[in-house]
Amino acid sequence: MNNSGVLANASSIYSCVVSVWETWTVTTTSLLVLTVLAALTYFWITKYWPSSFERMRDDTCPVPLPPGNMGYPFIGETLEFIRKGSEFFASRLSRYGPVYKTHLLGTPMVRVVGGVHVKPVLLGEHVSVRSSWPASVRRLMGPRALLCQHGDGHRVTRRVVSSLFTPTVLATFVPKIQFEVTSTCIHVCILAPRQMVMDRHVDGWCRRSEEEGEILGYPACQEMSLTLTQEVTLGVSTDSTEMEPMRRAMKVFLANTFSMPIAVPGSGLWKGLRARQRILQEVRKKLESSQPRGDADFLSQTELMQQCPEFQGRHDLIEDNSLEIVFAAYATTSGVFCNTLLCLGRNPEVLRKVEAELEREGLLDDPSVALTYDVIGRLEYVHNVNREVMRMFPPAGAGFRKVIKTLNIGGCQIPKDWTVAYSIRETQQTSDCFPEPDRFYPDRWVDLDSEEMKEKIRFQYIPFGAGARKCVGRRLAMLYQAVFLVEVVRRCRFHLKNPAPVINHIPIVKPADDLPVTFRRRGTANHSSKSC
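Residues numbered from 1 in each chain as written. Predicted model: local features only at pLDDT ≥ 70, side-chain atom pairs only at ≥ 80, totals over all residues. Heavy atoms only, no water.

Novice: What exactly am I supposed to notice about the overall build of the chain here?
Specialist: If you tally the helices and strands in the chain, you get 20 helices and 12 strands. Here the chain holds 532 residues, and 50% of them are scored as buried. For the chain, contacts bridging at least 24 residues in sequence account for 66% of all contacts bridging at least 6. When the accessible surface of the chain is summed, it comes to about 25000 Å², and 56% of that surface belongs to carbon and sulfur atoms. (Helix = DSSP H or I, 4+ residues; strand = E, 2+ residues; numbered from the N terminus. Buried < 20%, exposed > 50% of the residue type's maximum accessible area, 1.4 Å probe, protein only. Contact = heavy atoms within 4.5 Å. Areas by Shrake-Rupley, 256 points an atom, 1.4 Å probe, with all protein chains shown as cover.)

Take a look at the structure:
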């Protein structure tokens, strides 16, 4: 072999050695980098991330942070919450107890369960906590809405808005509510024009069910709720085809209330803001109308607000608070109506007691008898049924507050600037005031009506909250629920396809299958007496 061949072989061997060395170096370096990154990530997740919240502790408060898990950096336990829904909170309650910490939607949070733990949150408004809502809600409701105000501004606005929900004012709403509910169930649009909202809807359900068989209870209740909101809250007729754009705007507005706080074309917030302007056009038209303001709707009563010095000439206050009422009424009522059907449908003994009470009041055999606020007030068992529905299926699972002064609850501290969530659902389910919590038992409320028991359950039965932020529209909500129950029972019989559905608690408390129901007008032949 000549010298050139030897050199070529040596060069080839050298190139191979260099190539192997470089490959080994790159691989080793990559593995080393990955190992270091993995070690740093592990340290960050298991040591630095949890300890960063320990550094948020208020050193002037001697008690520790609550037990719990803050999850992964930045996202916390949000993914598991999205995957499990309400079961996420049940599992944390079982593991950590009634006061525990977590990290959801980018926020450190403590969830408290039970009347003794909920009480300091609900009574701490303006002192140790304040109302906390997502940015999208604040933008869509407007800065003058009650839920966006704090301190003296909140106190004044609440006092004025509450004047719209007195028994005297609500009594004027009953005929319209009754008409809309009833006609939905049988769909007799040829009835005397615009007597009662619920009459229209209940009648419509019966007619549709006779023609089509099963209908889905939740979408039907949702449509009724939208009509009630439009007719009773805004005073806008649903009979006119010109109002269909208004109806669509209300749906868009409410569908995008909880959205990313980015108002770019096509985004949820952008759509919601456009819908807000459409609704406000109708509100302003009503407010500026020179016609007499005696109609039975919320906006027609706002002249009471304008008589108050703080509201004179302040249409922005009236507009923003009108939108909040729209949001509160529509967002919760449809679920409550649907869950009332569910509870009656799977508890025929309760239904029979409701029928007996209506018969005693002369309401059962003649559905043309008009309801009044006074008559509704005498229906004690109906009221107890509604309270039991709200105990088992509260419209909201929790309320949220921003901590402005460190709290000491259950031997644990909740630092300033954290969010505290007071549980409504678990508090009512675990209260010793309600034995057999999974049993639908309206008669339990007979023993809970004494002054002593009312005080005892004040912070254990909280579907409308308590304290300075207690829902101002609770009387209207209870009126809706009572009229709905009465009209459904005295006008039709119904049968549930699935009496034991899975219940979704987020975002709306309702059956997962939307509650398939068969309706028949009362007195229809060949309908089993066992059907509900």
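Novice: Quick question: what am I supposed to make of the sheet that holds strand E8 (residues 419-423) here?
Specialist: Strand pairing in a sheet relies on backbone hydrogen bonds, with the paired strands running either antiparallel or parallel. Spatial ordering of the open sheet is given by E1-E2-E8-E5-E3, a layout of five strands whose pairing is mixed. Bordering the open sheet on either side are strand E1 (99-104) and strand E3 (129-131), each of which pairs with just one other strand. Ignoring which end each strand starts from, the neighbouring axes of this sheet average 35° apart. The strands touched by helix H3 (residues 86-96) within the sheet are E1 and strand E2 (107-112), with E1 carrying the most contacts at an inclination of about 140°. The strands that helix H4 (residues 115-122) touches are E1, E2, E3, strand E5 (398-403) and E8; relative to E8, the one it contacts most, it runs at about 130°. (Pairing = 2+ DSSP bridges. Axes fitted to C-alpha atoms, helices over the stretch in contact; angles between N-to-C directions.)

Novice: Would you mind showing me how to read the layout of surface pockets here?
Specialist: By rolling a water-sized probe across the atoms, one finds the places where empty space is left. A volume near 1000 Å³ is recorded for the second largest pocket. As for the second largest pocket, its lining consists of 34 residues, of which His-383, Arg-387, Tyr-461, Phe-464 and Met-478 are closest to the centre. At the level of secondary structure, the elements contributing two or more residues to the lining of the second largest pocket comprise helix H16 (373-378), helix H17 (380-392), helix H19 (451-456) and helix H20 (474-491). The leading source of residues in the lining of the second largest pocket is H17, at seven residues. Per-class residue counts for the lining of the second largest pocket are 17 nonpolar, seven polar and 10 charged. (1 Å grid on protein atoms, 1.4 Å probe; cavity = no way out; pocket = protein on both sides within 12 Å on 5 of 7 lines; lining within 4 Å. Points joined across faces, edges and corners; volume = space filled by probe spheres on them. Nonpolar A, V, L, I, M, F, W, Y, C, P; charged D, E, K, R; others polar.)

Novice: What exactly am I supposed to notice about helix H15 (residues 348-360) here?
Specialist: Side chains that are three or four residues apart share a direction in an α-helix, a result of its 3.6 residues per turn. Across its 13 residues, H15 extends 19 Å between first and last C-alpha, which sits within 8% of the 18 Å expected from 1.5 Å per residue. Regarding H15, the residues found buried are Val-350, Leu-351, Val-354, Glu-355, Glu-357 and Leu-358. Looking down the long axis of H15, one finds its buried residues gathered within 160° of arc, a one-sided arrangement. Turned more than 90 degrees away from the buried face of H15, the exposed residues are Arg-352 and Arg-360. Buried residues in H15 make contact with helix H14 (315-345), H16, H17, H20 and strand E9 (492-496). Trailing H15 by a residue or two, Gly-362 shows a phi angle of about 75°, which is positive. (Expected span 1.5 Å × (residues − 1). Arc of directions from axis to C-beta.)

Novice: Would you mind going over the sheet that holds strand E12 (residues 516-521) with me for this structure?
Specialist: One open sheet accounts for three strands, arranged E4-E12-E9; its pairing is antiparallel. This sheet does not close on itself; its edge strands, each paired only once, are strand E4 (215-216) and E9. Judged from the five bridges that link them, E9 and E12 form a sheet pairing that is antiparallel. Residue pairing in the sheet places Leu-496 in a bridge with Val-517 of E12. Sheet strands touched by H14: E9 and E12. Its angle to E9, the strand with the most contacts, is close to 85°. With respect to the sheet, H20 is in contact with E9 and E12, its orientation differing from that of E9 by roughly 95°.

Novice: What should I look at first to understand the nonpolar core in this one?
Specialist: Proteins that are soluble and globular tend to have nonpolar side chains buried together. Residues Ile-177, Trp-205, Leu-341, Leu-358, Val-385, Phe-484 and Phe-519 are the most contacted members of the largest nonpolar core, which totals 63 residues. When residues no more than four places from it in sequence are discounted, the contact partners of Phe-519 are Trp-205, Cys-206, Ser-209, Ile-215, Leu-341, Cys-492, Arg-493 and Phe-494. (Core = buried A, V, L, I, M, F, W, Y, C linked by side-chain atoms within 4.5 Å.)

Novice: When you look at the packing of aromatic side chains in this model, what are you seeing that I'm missing?
Specialist: Between two aromatic rings, the relevant description is the distance of the centres plus the angle of the planes. Taken as a whole and assessed by the stated rule, the structure comprises 12 aromatic pairs. Relative to Phe-484, the ring of Phe-337 lies with its centre 4.4 Å away and its plane at 15°, an arrangement referred to as stacked. With a gap of 147 residues between them, Phe-337 in helix H14 and Phe-484 in helix H20 connect regions that are remote in the sequence. For Phe-484, a relative accessible area of 1% translates into the label buried. Each ring, one from Phe-434 and one from Trp-445, has its centre 5.7 Å from the other, and the planes form 45°; the classification is tilted. Here Phe-434, found in the loop between helix H18 (425-430) and H19, pairs with Trp-445, found in the loop between H18 and H19; they are 11 residues apart in sequence, far enough to count as distant. (Phe/Tyr/Trp six-rings, centres within 6.5 Å; stacked < 30°, edge-to-face > 60°.)

Novice: So what exactly am I meant to see when it comes to the state of the cysteines here?
Specialist: Among covalent bonds in proteins, the disulfide is the one between the sulfur atoms of two cysteines. In this structure the tally under the stated criterion is zero disulfides. Just so you know, Cys-221 is unpaired, no disulfide at all, and the nearest cysteine sulfur is the one on Cys-338, 5.1 Å from it. A relative accessible area of 0% means that Cys-221 is categorised as buried. No disulfide involves Cys-412; its nearest neighbouring cysteine sulfur is the one of Cys-61, lying 9.5 Å away. (Disulfide = S-S within 2.5 Å.)

Novice: Help me understand H20 in this model?
Specialist: In this model H20 runs 26 Å from its N-terminal to its C-terminal C-alpha over 18 residues, within 8% of the 26 Å that 1.5 Å per residue would give. Of all the 18 residues making up H20, 14 are buried; the element is thus mostly covered by neighbouring parts of the structure.

Novice: What am I meant to see in the packing of H14 against H20 here?
Specialist: Axes are the key here: two packed helices are described by the angle between their axes and the distance separating the axes. Here H14 crosses H20 at 40°, and the two axes come no closer than 10 Å. It follows that H14 is oblique to H20 by the angle criterion. You can see that H14 and H20 cross each other, and the crossing is right-handed. Along its contact with H14, which presents Thr-333, Val-336, Phe-337, Thr-340, Leu-341 and Leu-344, the element H20 presents Tyr-480, Gln-481, Phe-484, Leu-485, Val-488 and Val-489. (Parallel < 35°, antiparallel > 145°, perpendicular 65-115°, else oblique. Left-handed = near helix turned anticlockwise from the far one by under 90°.)

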